[in-house]
Amino acid sequence: MVAIDHSLGKTFLITGGAGFIGSHLADALVARGYTVLAIDNLSTGSIDNIAHLLSNPLFHFARASITDETVLDRLASQADVIVHLAAAVGVQLIVERPVHTIETNIMGAEAVLKAALRYGCRTLIASTSEVYGKGIKVPFAEDDDVLLGATSRNRWAYAASKMVDEFLGLAYQHEYGLEVVPFRLFNTVGPRQTGQYGMVVPRFVRQALRGEPITVYGDGTQSRCFCDVRDAVAAIVGLALHPEAPGQLYNIGNPEEVSVRELAERVKALTGSASPIVHVPYSEAYGPGFEDMQRRVPDTSRLQDLLGWQPTRTLNEILAAVLAFEQGRMLELSGPQPTKTLAARAVGRIR
Ligand code: UDP
């Protein structure tokens, strides 16, 4: 069970609060009776993700960038805990806009930490399993060495920028005594995730639903571990409330591993789609010289020891939830549909 520190206040500031993970975190916090202030510039986040919260008196939304010092200062002054999720994310975006990635991630974290320090807010900083880079150890633990690619490869700019965020956060704790909790998210999936910036699960599901080719990059033997966003959010809430969480880094992820080829096959079977599974060279998908990670498995023992946290949803359950969401979105866009949807059939199939 998660130990709750009742000496902490009840107002959370979520940067990136209209994003995929931020909106699910807002849902979880509001459901527990906490006040949530969300800031988002809607660059990759969407008002649709939080539309259902806008009339809730516990939820307050500011459409602004975290580099807007006045807005950030006002929100931080009212917050007890800040969860910093606003970032440039998604491999495609990072490869295409490296300057934006580096600046957003480093300057954003700096602005948030400075504001947090002024008001003594416990601060959680989202980082990424990308930081483990090309390491081949399985599973990855927080204190492992990291092996990043050359600076001529844009992909690694994301990992490097997030490493700086981790260093900076931990330095604020060590030097200034601010409570800081950096956490590395492994592949996190679920409803509301946009497939626009490369994320494989929503992309495959949409491709299957539209009858388009399911695009496996490379030979598909590379694997990933996918964690349901609601499980990841439960871990973040636990870290935000636990008195002993600050000052350490935590992995958040589900150790269930699947190859990308098998993922494509599962999505195809689950949707009953006639889409062909095609292999696309990395150079075509991301440009020349792209480096992928072959495996990325989390060691979550530190998180488990602190919170007793365990992922609760399997990959098939996650895929069914994403499918139901994408199906709903397509129904909204296309008007009246037959009553028995692909998603309804799929949920029956995986039980
Ligand atoms: N991928 C793929 N087809 C796609 C999108 C991604 O085969 O249409 C692969 C990608 O090359 C990687 C894995 O799926 O090996 C996970 O990609 P994602 O961008 O979701 O996350 P990453 O783990 O790379 O950050």
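Residues numbered from 1 in each chain as written. Predicted model: local features only at pLDDT ≥ 70, side-chain atom pairs only at ≥ 80, totals over all residues. Heavy atoms only, no water.

Colleague: Please explain the overall build of the chain as it appears in this structure.
Modeller: When its secondary structure is counted, the chain shows 12 helices and 13 strands. The C-alpha radius of gyration of the chain comes to 20 Å, within 12% of the 20 Å expected for a compact globule of 351 residues. Overall, the chain is about 55 × 45 × 35 Å in size when its C-alpha atoms are taken along their principal axes. Of all 351 residues assigned to the chain, the portion counted as buried reaches 54%. Taking the average location of the 32 positive side-chain charges in the chain and that of its 37 negative ones, the two points are 7 Å from each other. (Helix = DSSP H or I, 4+ residues; strand = E, 2+ residues; numbered from the N terminus. Rg over C-alpha atoms; globule rule 2.2 N^0.38 Å. Buried < 20%, exposed > 50% of the residue type's maximum accessible area, 1.4 Å probe, protein only. Lys, Arg positive; Asp, Glu negative; His and termini not counted. Charge placed at Lys NZ, Arg CZ, Asp CG, Glu CD.)

Colleague: Where do I start with the site of the ligand in this structure?
Modeller: In the vicinity of the ligand lie 19 residues, with Arg203, Thr215, Arg224, Asp292 and Arg296 positioned nearest. Note that an oxygen atom of the ligand is positioned 2.7 Å from one of the side-chain N or O atoms of Arg296. Contact with the protein chains hides 95% of the accessible area of the ligand, taken as 520 Å² for the molecule alone. Of all the elements in the fold, those that place two or more residues in the shell around the ligand are α6 (200–210), β8 (214–217) and α9 (282–286). Looking at the shell around the ligand residue by residue, the class counts come to nine nonpolar, four polar and six charged. (Near = heavy atom within 4 Å. Polar contact = N/O pair within 3.5 Å; in protein donor to acceptor, adjacent residues only side chain to side chain. Areas by Shrake-Rupley, 256 points an atom, 1.4 Å probe, with all protein chains shown as cover. Nonpolar A, V, L, I, M, F, W, Y, C, P; charged D, E, K, R; others polar.)

Colleague: In this structure, what is going on with the sheet that holds strand β5 (residues 122–128)? I would like to understand it.
Modeller: Hydrogen bonding along the main chain pairs the strands of a sheet, whether they run parallel or antiparallel. If you trace the seven strands from one edge of the open sheet to the other, you get β3-β2-β1-β4-β5-β6-β11, paired in parallel fashion. Where the open sheet ends on each side, the last strands, each with one partner, are β3 (59–63) and β11 (250–252). Direction aside, the axes of adjacent strands within the sheet are offset by 20° on average. As defined by bridge partners, β5 adjoins strand β6 (residues 180–185) across six bridges and the pair is classed as parallel. Residue pairing in the sheet places Thr123 in a bridge with Val180 of β6. (Pairing = 2+ DSSP bridges. Axes fitted to C-alpha atoms, helices over the stretch in contact; angles between N-to-C directions.)

Colleague: I keep staring at the pattern of salt bridges and nothing clicks. Help me out?
Modeller: Any two side chains of opposite charge can pair, on the condition that their charged atoms come close. A full pass over the atoms with the stated rule returns 21 salt bridges. With its nearest N and O atoms 2.8 Å apart, the salt bridge here joins Arg184 to Glu166. In this pair, Arg184 sits in strand β6 while Glu166 sits in helix α5 (residues 155–176), placing the two residues 18 residues apart along the sequence. The residues Arg184 and Glu166 share a single accessibility class, namely buried. With its nearest N and O atoms 3.3 Å apart, the salt bridge here joins Glu326 to Arg329. (Salt bridge = Lys/Arg side-chain N within 4 Å of Asp/Glu carboxyl O.)

Colleague: Got a minute to help me understand the pairing of β5 in this structure?
Modeller: Residues in a regular strand point their side chains to alternate faces of the sheet. Within β5, seven of the seven residues are buried, leaving the element largely enclosed by the surrounding structure. Burial along β5 is two-sided: Arg122, Leu124, Ala126 and Thr128 facing one way and Thr123, Ile125 and Ser127 facing the other are all buried. Examined bridge by bridge, strand β4 (residues 81–84) and β5 share four bridges and lie parallel to one another. When the sheet's bridge partners are listed, Val83 is paired in β5 with Leu124. Crossover β5 to β6 through α5 is right-handed. (Right-handed = clockwise from strand over helix to strand, strands pointing away.)

Colleague: I tried to follow the pairing of β6 on my own but got confused; where do I start?
Modeller: With six of six residues buried, β6 lies mostly within the body of the structure. Alternating positions in β6 separate into two faces, Val180, Pro182 and Arg184 on one and Val181, Phe183 and Leu185 on the other, with burial throughout. Relative to β11, β6 runs parallel, the two sharing three bridges. Following the sheet pairing, Phe183 is matched in β11 by Tyr250.

Colleague: When you look at the state of the cysteines in this model, what are you seeing that I'm missing?
Modeller: Two cysteines whose sulfur atoms are joined by a covalent bond form what is called a disulfide. Taken as a whole, this structure holds zero disulfides when the rule is applied. Cysteine Cys225 remains unbridged, with the sulfur of Cys227 as its closest cysteine sulfur at 9.8 Å. (Disulfide = S-S within 2.5 Å.)

Colleague: Before we go on, may I ask you to explain the packing of aromatic side chains in this structure?
Modeller: The description of an aromatic ring pair rests on the distance of the ring centres and on the angle between the ring planes. Across all of its chains, the model carries seven aromatic pairs by this definition. Here Tyr132 and Phe140 contribute two aromatic rings whose centre-to-centre distance is 4.5 Å and whose plane-to-plane angle is 0°, an arrangement assigned as stacked. Judged on exposure class, the residue Tyr132 and its partner Phe140 are both buried. Three or more aromatic residues link up through ring pairs in this structure, and these residues are Tyr217, Tyr282, Tyr286 and Phe290. Here the basic side chain of Arg155 rests over the ring of Trp156, its NZ or CZ set 5.5 Å away from the ring centre. A cation sits over an aromatic face here: Arg184 above Tyr132, 4.7 Å from the ring centre. (Phe/Tyr/Trp six-rings, centres within 6.5 Å; stacked < 30°, edge-to-face > 60°. Lys NZ or Arg CZ within 6 Å of the ring centre and 35° of its normal.)

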